[in-house]
Amino acid sequence: MSNKKLFISGDEAVAIGTKLSRPNVISAYPITPQTVTVERLSEMVESGELKAEYMHVESEHSAMSAAMGVSAVGARAFTATSSQGLLYMAEGLHYASGGRYPIVMMNANRSLALPWSIYGDQRDSLSLLDSGWIQVYVEDAQEALDMIIQAYKIAENKDVLTPFMINLDGFVLTHTYELVEIPEQEKVDEFLPPFQTPNKMSFEEPKNLAFSTTPADNLEYKYQQNRAMFNSINVINDVDKEFGDKFERYYGGMVQEYRCDDAEVVMLTLGSITGTVRMIVDKLRDEGKKVGLLKIRYMRPFPEKEIIKLAKNVKAIGVVEKDISFGYEGTVFTNVNSALSKIDNAPLSLNFLCGMGGRDVSKSDIYNMFISLFNAVKGEKQKRVQFINMGVETDE
Amino acid sequence: MNNTDIKRITPKNITDKEFFYGHKACAGCGGSIAVRLALKVLGERTFAVLPAGCMSAVGFIFPQMAFVNNAIISTFPGSASMASGVSVGARALGLKDYKTVVFAGDGGTADIGLQALSGAIDRNEDIIYVCYDNEAYMNTGIQKSGLTPFGTKTTTTPAGKNIHGAQSFKKNMFEIMAAHEIAYAATASIGYPQDYIDKINRAKHTKGTSFIHVYASCPTGWGIPTETTVQIAKEAVDSGLFYLAEYQNRKFKLNKNPKSFFSAKDYLLKQARFKHLTDDDINIIEQQRDEKWEYMREHWK
Ligand SMILES: Cc1ncc(C[n+]2csc(CCOP(=O)(O)OP(=O)(O)O)c2C)c(N)n1
Ligand code: SF4
Ligand SMILES: [Mg+2]
């Protein structure tokens, strides 16, 4: 029997994944390029296809605040945002993770003002890496849909109880169309049972939640939160396997390797750029070069173990990211180097900053990144942090 | 408004059950009286949501939780939105016969939480929003809020030679709420507890959003003896500086319309926060009061 396939955008895939996950309440506020998701969800609620309450909140801060209220009575919450909206709910992000509310949120990765830009980059979510949310970055619409379903299963696991952010590149994923396989509702229901949590207010067992602590108790809560994030690594891998066994799509859990087996030079990617890098890996392999690709799927928890395992056998690692931490380097690069610092004879590493504010990254740009890595291996001096496709010469 | 259809709660039949105790509020805290009385009316099937502020700060210090019923602290700006989520989430799960109430301070209501509150009323969420008004940001050490009255000395509106305390008047929260055509809005004072209880009861029996603005004295922030809390909250009304009113079905109603006022000067000067006021300052306060009353007497029959 062939499964149902639809030609849809990333935003629509997220809406369908959400519907299949049967949230009780959706609270969201519109922002480009997330809007199509909330529009589709509104239509599904209107038609009765999705039996959920849709809350027309007046801001993202309220979207997150309402989602916490929903979760605090044991109901399943969904929200979606992007960029300025994500920052506007920043207070709520830390609050939700500290309160252990397993809310699932889609974030359409978009540049941050100023200057204003509606186009994609990853500075919004990466600037909130420390907010205590699980962060996954997807490569295409299919993965976006599948990860919404997996997200609830991971976030709601009693050893995890941590909110979950699914990041997809603005426009490149949210607004491009592809053929997406739609899982059957019945099978999703088998995979994802209704939400159960001990961490809720009820009349059978009244609770006072979201309390304050003195310095005598605070650290233990933060320790537990950190533990839960580490616990999620096993759960992520188990859920990936269980999902694959049921729906025949495996994503590799924390990371996804591509032609890494005997690779000497490996590019680490985040999000939709992975597809283009994969093509260049194939091209270079055809030329006889030993290259590979490691798609970082999760930024939190961080795939340290997987990166270390790979790094032990390679000569150079490149990190491509649509992000910069001003005054330093790319945030993904910093995280990767932190992992590399834990092994002897670590490979050299270069950082390729690109795609910010929606700037194009072409195949030849990526090809040149690999060339730079090869040159570095040969001992030629390369800039450690490279801005790709700058329109002007720099005097550094 | 017509309260005859609702079973009245009076000192004779009010429950002996306590829902808010063991907290660490200062002696004579008016806010804690407002919370305590409201919960006696609303009962145990109530979810209480409290933003940052004195009542959450004194009620939820782990491991000593002060609410017998379900309660949760929200972010400072997010009480109305979190309460909305609680109310809608419970409904989505099929829960019946429950109430969701917010207890927020004046700052949490008139300033930082106003947007979320406006949104909740716009959606006509089934929540009761109680603003306990102690006329400043008390929890952070008595700073000026949008409901701090003219002339008040706070830690951010010092009373000196050049400026005599706060220079703005109280934001008109009650009418701002009414302008939303909210299902039910009222002002109250812990100095008139029966009136306050009646209004909470009315809110309990209202479908949709209710808002109750209750004047709640704060001995610590106001500089008054703790045993005068209730008396001073009564005098605020008797002097006409606060008023008791209701709004429902597009109509305003003044619940108390005294022929003459208790001396505003007496009310003010017994509080440390107003000690510096000159006769000119008090004239400004009285003039503003009289204009307000002229308007209310004409329009709110
Ligand atoms: C976003 C944010 N800004 C500021 C604060 C600091 N803060 C906590 S409580 C408070 C004052 C609360 O005043 P009010 O709402 O009047 O309640 P009260 O303390 O007087 O009872 C402030 C400013 C905060 N918790 N969150
Ligand atoms: S400072 Fe005022 S409002 Fe706060 S607990 Fe003390 S008396 Fe109550
Ligand atoms: Mg206050």
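From a predicted model like this one, the values you see are computed outputs, not experimental measurements.

## Details of the overall build of chain B
Right, on to step 1. Across its full length, chain B carries 11 helices and 10 strands.
Right, on to step 2. By the compact-globule yardstick of 19 Å for 301 residues, chain B fits well, its C-alpha radius of gyration being 18 Å.
Right, on to step 3. Along the first, second and third principal axes, the C-alpha set of chain B runs to 60 × 45 × 40 Å.
Right, on to step 4. By residue count, 57% of the 301 residues in chain B fall in the buried class.
Right, on to step 5. Total accessible area computed for chain B in this model is approximately 12,000 Å², and 54% of it derives from carbon and sulfur atoms.
Right, on to step 6. With 35 positive and 29 negative side-chain charges, chain B shows a separation of 5 Å between the mean positions of the two kinds.

## Some details on the sheet that holds strand 7 (residues 164-169) of chain A
Residues and elements named next belong to chain A.
Right, on to step 1. Strand order in this open sheet of 7 strands is 3-2-4-5-7-6-13, and the pairing throughout is mixed. Across the chains shown, the open sheet's two edge strands, defined by having one partner strand only, are strand 3 (53-55) and strand 13 (298-300). Strand-to-strand twist in this sheet, taken as the mean axis angle between neighbours without regard to direction, amounts to 20°.
Right, on to step 2. The pairing of strand 6 (residues 134-137) with strand 13 spans 2 bridges and is antiparallel. Note that in strand 13 the partner of Q135 across the bridge is R300.

## What to know about the environment of A203 of chain B
All names here are of chain B.
Right, on to step 1. Position of A203 among the secondary structure elements: in helix 7 (residues 193-204).
Right, on to step 2. It is 19 Å that separates the C-alpha atoms of A203 and G85, two residues lying 118 residues apart in sequence.
Right, on to step 3. Beyond its immediate chain neighbours, meaning those up to four positions away, A203 contacts I128, Y184, S210 and I212.

## A look at the coordination of the magnesium ion (ligand 3)
Residue and element names in this part refer to chain B.
Right, on to step 1. Ligation of the magnesium ion (ligand 3) by protein atoms is provided by D106 (OD), N134 (OD1) and A136 (O), these donors lying 2.0 to 2.1 Å from the ion.
Right, on to step 2. Mapped onto the sequence, the donors of the magnesium ion (ligand 3) take the spacing D-x27-N-x1-A.
Right, on to step 3. Owing to a relative accessible area of 7%, N134 belongs among the buried residues under this scheme.
Right, on to step 4. Here A136 falls in the buried class, since its relative accessible area comes to 4%.

## Points about helix 1 (residues 30-42) of chain B
Residues and elements named next belong to chain B.
Right, on to step 1. A rise of 1.5 Å per residue sets the reference length of helix 1, with its 13 residues, at 18 Å; its end C-alpha atoms lie 19 Å apart and thus fit the reference within 8%.
Right, on to step 2. Counting buried residues in helix 1 gives 11 out of 13 residues, a clear majority hidden from the surface.
Right, on to step 3. Taken together, the buried positions of helix 1 are G30, G31, S32, A34, V35, L37, A38, L39, K40, V41 and L42.
Right, on to step 4. Count one or two residues on from helix 1 and you reach G43, which has phi positive near 90°.

## What to know about the site of ligand 2
Right, on to step 1. By nearness alone, every residue bordering ligand 2 is listed as A25, C26, C29, C54, N134, C218, P219 and T220 of chain B.
Right, on to step 2. Grouping the constituent residues of the shell around ligand 2 by class yields 6 nonpolar, 2 polar and no charged.

## Quick look at the packing of helix 7 (residues 141-155) of chain A against helix 9 (residues 218-247) of chain A
Residue and element names in this part refer to chain A.
Right, on to step 1. One way to put it is that helix 7 packs onto helix 9 with a least axis distance of 10 Å and a crossing angle of 130°. For the element pair helix 7 / helix 9, the angle class is oblique. For the element pair helix 7 and helix 9, the recorded crossing hand is right-handed. The residues of helix 9 that touch helix 7, namely those facing D146, I149, Q150, K153 and I154, are V235, I236, V239, D240, E242 and F243.

## Things to note about the site of ligand 1
Right, on to step 1. Around ligand 1 lies a shell of 17 residues, among which G107, G108, Y132, M138 and N139 of chain B are the nearest.
Right, on to step 2. Neighbouring residues of ligand 1 are distributed over chains A and B.
Right, on to step 3. Contact distances for ligand 1 include 2.7 Å between an oxygen atom and a backbone N or O atom of G108 of chain B.
Right, on to step 4. Between ligand 1 and the protein, one listed contact pairs an oxygen atom with a side-chain N or O atom of Y132 of chain B at 2.7 Å.

## Section: the sheet that holds strand 6 (residues 128-133) of chain B
Right, on to step 1. Strand order in the open sheet formed by 9 strands is 9(A)-4(B)-1(B)-5(B)-6(B)-8(B)-7(B)-9(B)-10(B), with mixed pairing between adjacent strands. Every other strand in the sheet has two partners, leaving strand 9 (208-209) of chain A together with strand 10 (251-254) of chain B as the edge strands with one partner each.

## As for the layout of surface pockets
Residue and element names in this part refer to chain A.
Right, on to step 1. Each pocket or cavity is described by its volume, and for the largest pocket that value is around 640 Å³.
Right, on to step 2. Taken together, 22 residues make up the lining of the largest pocket; nearest its centre are G98, G99, A210, F211 and Y221.
Right, on to step 3. Contributions of two or more residues to the lining of the largest pocket are made by helix 5 (90-98) and helix 9.
Right, on to step 4. Among the residues making up the lining of the largest pocket, the classes are represented as 9 nonpolar, 9 polar and 4 charged.

## Side note on the interface of chain B and chain A
Right, on to step 1. The interface is formed by 39 residues belonging to chain B together with 38 residues belonging to chain A.
Right, on to step 2. Together, the buried faces of chain B and chain A total about 2,900 Å²; carbon and sulfur atoms form 63% of this surface.
Right, on to step 3. Counting the surface chain B buries against chain A, the share from its top three residues, F62, N70 and T75 of chain B, is 21%.
Right, on to step 4. The tally of links from chain B across to chain A stands at 2 salt bridges.
Right, on to step 5. The partner of R91 of chain B in a salt bridge is E53 of chain A, with the nearest N and O atoms 2.9 Å apart.
Right, on to step 6. Counting the contacts that link chain B with chain A gives 19 residue pairs in polar contact (both at pLDDT 80 or more).
Right, on to step 7. Among the elements of the structure, strand 1 (46-50), strand 2 (60-61), strand 4 (70-73), helix 3 (79-92) and helix 5 (114-122) of chain B are those that each provide at least two residues to the side of chain B that touches chain A.
Right, on to step 8. Counting residues per element, the side of chain B that touches chain A draws most heavily on helix 3 of chain B, which supplies 10 residues.
Right, on to step 9. Class assignment for the residues of the side of chain B that touches chain A results in 22 nonpolar, 12 polar and 5 charged.
Right, on to step 10. Inspection of the sheet shows strand 9 of chain A paired to strand 4 of chain B by 2 bridges, in the parallel sense.

## Considerations on the environment of G355 of chain A
Right, on to step 1. By secondary structure assignment, the location of G355 of chain A is in the loop between strand 15 (348-353) and helix 13 (363-377).
Right, on to step 2. In this structure, the C-alpha to C-alpha distance between G355 of chain A and G74 of chain A, residues 281 residues apart in sequence, is 40 Å.

## Comments concerning the domain arrangement of chain A
All names here are of chain A.
Right, on to step 1. Entries for chain A in the domain assignment read domain 1 (5-247) and domain 2 (255-387).
Right, on to step 2. Across the boundary between the two partners, domain 1 contributes 28 residues, which contact 26 residues of domain 2.
Right, on to step 3. Of the roughly 2,100 Å² buried where domain 1 meets domain 2, counting both sides, 55% is carbon and sulfur surface.
Right, on to step 4. Area buried by domain 1 at its contact with domain 2 is led by R123, L129 and E139, which between them contribute 28% of it.
Right, on to step 5. Counting the contacts that link domain 1 with domain 2 gives 5 salt bridges.

## Things to note about a nonpolar patch on the surface
Residues and elements named next belong to chain A.
Right, on to step 1. Among the surface-exposed residues, F7, Y177 and L179 lie close enough to one another that they form a single nonpolar patch of about 360 Å² accessible area.
Right, on to step 2. Within the element layout of this structure, F7 appears in strand 1 (residues 5-9).
Right, on to step 3. Residue classification places F7 among the exposed positions, given a relative accessible area of 57%.

## With respect to helix 1 (residues 10-20) of chain A
All names here are of chain A.
Right, on to step 1. Where burial is concerned, most of helix 1 is hidden: 11 out of the 11 residues are buried.
Right, on to step 2. Among all positions of helix 1, only G10, D11, E12, A13, V14, A15, I16, G17, T18, K19 and L20 are buried.
Right, on to step 3. Just beyond helix 1, the residue with positive phi is R22, at close to 50°.

Parameters and conventions
Note that residues are indexed from 1 along each chain, following the sequence as it is written. Here every chain gets a letter starting at A, and every ligand a number starting at 1, in the order they are written. Per-residue local features are limited, in this predicted model, to residues with pLDDT of at least 70; the limit for side-chain atom pairs, both in listing and counting, is 80 or more; totals at the level of whole chains, interfaces and linings are taken over all residues. Side-chain numbers here rest on the full set of heavy atoms in the structure, without hydrogens or water. Here a strand is any run of E in DSSP of at least two residues, a helix any run of H or I of at least four, and the numbering for each starts at the N terminus. With C-alpha atoms as the basis for the radius of gyration, the globule rule is written as 2.2 Å multiplied by the number of residues raised to the power 0.38. Burial here depends on accessible area, computed with a 1.4 Å probe over protein chains only, as a share of the maximum for the residue type. Under 20% is buried, over 50% is exposed, and the range in between is partly exposed. Areas reported as accessible are Shrake-Rupley estimates using a 1.4 Å probe. Residue values count occlusion only from the protein chains shown. For the purpose of counting charges, residues Lys and Arg are taken to be positive, whereas Asp and Glu are taken to be negative. His and the chain ends are not included. Where a charge sits is defined by one atom per residue type, namely NZ (Lys), CZ (Arg), CG (Asp) or CD (Glu). Each pair of strands is called paired provided DSSP finds at least two bridges between the two strands. Angles shown run from 0 to 180 degrees and are taken between the N-to-C directions of axes, each axis being a line fitted to C-alpha atoms and, for helices, limited to the stretch in contact. Two residues form a contact once any of their heavy atoms are found within 4.5 Å. Donor atoms are limited to N, O and S found within 2.8 Å of the metal ion, a distance that becomes 3.2 Å for Na, K and Ca. With water left out, some sites might look partial. To estimate the expected span of a helix, count its residues, drop one, and scale the result by 1.5 Å. Whether a residue is near a molecule or strand depends on its heavy atoms: it is near if one of them lies within 4 Å of it. Basically, the charged four are Asp, Glu, Lys and Arg, the nonpolar ten are Ala, Val, Leu, Ile, Met, Phe, Trp, Tyr, Cys and Pro, and anything else, Gly included, counts as polar. The cut-offs work like this: below 35 degrees is roughly parallel, past 145 is roughly antiparallel, 65 to 115 is roughly perpendicular, and the gaps in between are oblique. Each crossing gets its hand from how the near helix is turned against the far one by less than a right angle, where anticlockwise is left-handed and clockwise is right-handed. Polar contact is defined as a pair of N or O atoms within 3.5 Å, subject to the rule that within protein one atom must be able to donate a hydrogen and the other to accept it, and that residues adjacent in sequence are counted only when both atoms are side-chain atoms. Using protein atoms alone on a 1 Å grid, points that fit a 1.4 Å probe yet trap it form a cavity, whereas open point sets bounded by protein on both sides within 12 Å along at least five of seven lines form a pocket; residues with an atom within 4 Å of a point count as lining. Grid points are joined across faces, edges and corners, and a volume is the space filled by probe spheres set on the points. Buried area: the accessible area, evaluated with a 1.4 Å probe, that two parts lose upon being put together, summed over both parts. The rule for a salt bridge is simple: a side-chain nitrogen of Lys or Arg has to be within 4 Å of a carboxyl oxygen of Asp or Glu. Here the bounds of each domain stem from an automatic or database domain assignment. Patch membership needs two things, relative accessible area over 30% and no salt bridge, and members are linked within 9 Å if like-charged or within 5 Å if nonpolar (Val, Leu, Ile, Met, Phe, Trp, Tyr).

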